[in-house]
Amino acid sequence: MEKEKQALEKNKTVYKTGEIITTKVYKVNPEQKEELDRLSAEKLEKLREEAIPKIRERYEQLVKLRRQQQPKGDGQPPAKK
């Protein structure tokens, strides 16, 4: 019964935006499309190359922070009784 209520709540979710998004669309020939696809792929690859080191650095900071916040001990979980 609870799952059904949750499913109904998800269906009722409405997203509203305050602005209309528009863009111009141009007709391109196949050669232009290939060039645009290639440029897009190059740009995406460049963005990934720039993002990966930043993501890795942020991950290492979070790991370091979590290690500092862990209670001091011998590093092993407590034994069950």
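Above this text sits the structure in question.
Starting from 1, residues in each chain are numbered consecutively following that chain's sequence as written. Predicted model: local features are reported for residues with pLDDT of at least 70 only, side-chain atom pairs are reported and counted for 80 or more only, and whole-chain, interface and lining totals are derived from all residues. Water and hydrogen atoms were dropped before computing side-chain values, which therefore reflect all heavy atoms in the structure.

Trainee: Describe in detail the overall build of the protein chain, supporting the description with residues and values.
Mentor: Helix and strand content of the protein chain: 2 helices and 0 strands. Residue exposure (1.4 Å probe, protein chains only): buried if accessible area is under 20% of the type maximum, exposed if over 50%, otherwise partly exposed. Within the protein chain, the fraction of its 81 residues that count as buried is 0%. Strands here are runs of E lasting at least two residues and helices are runs of H or I lasting at least four, both read from the DSSP assignment and numbered beginning at the N terminus.

Trainee: Tell me about the pattern of salt bridges, residues and numbers included.
Mentor: Here a salt bridge means any side-chain nitrogen of Lys or Arg lying within 4 Å of a carboxyl oxygen belonging to Asp or Glu. Per the counting criterion, the structure on display carries 3 salt bridges. For Lys33, the salt bridge identified is with Asp37, shortest N-O distance 3.0 Å. Of this pair, Lys33 and Asp37 both sit in helix H2 (residues 30–69), 4 residues apart, which is roughly one turn of the helix. Residue Asp37 is classed as partly exposed on the basis of its relative accessible area, which comes to 43%.

Trainee: Provide a residue-level description of a nonpolar patch on the surface, including the pertinent values.
Mentor: A contiguous nonpolar surface patch, about 410 Å² in accessible area, is contributed by Tyr26, Val28, Leu36 and Leu39. Assessed through its relative accessible area of 41%, Val28 is described here as partly exposed. Patches were defined on residues exceeding 30% relative accessible area and lacking a salt bridge, with like-charge contacts within 9 Å and nonpolar side-chain contacts (Val, Leu, Ile, Met, Phe, Trp, Tyr) within 5 Å. All accessible-area figures derive from a Shrake-Rupley calculation using a 1.4 Å probe, and residue coverage is judged against the displayed protein chains alone.

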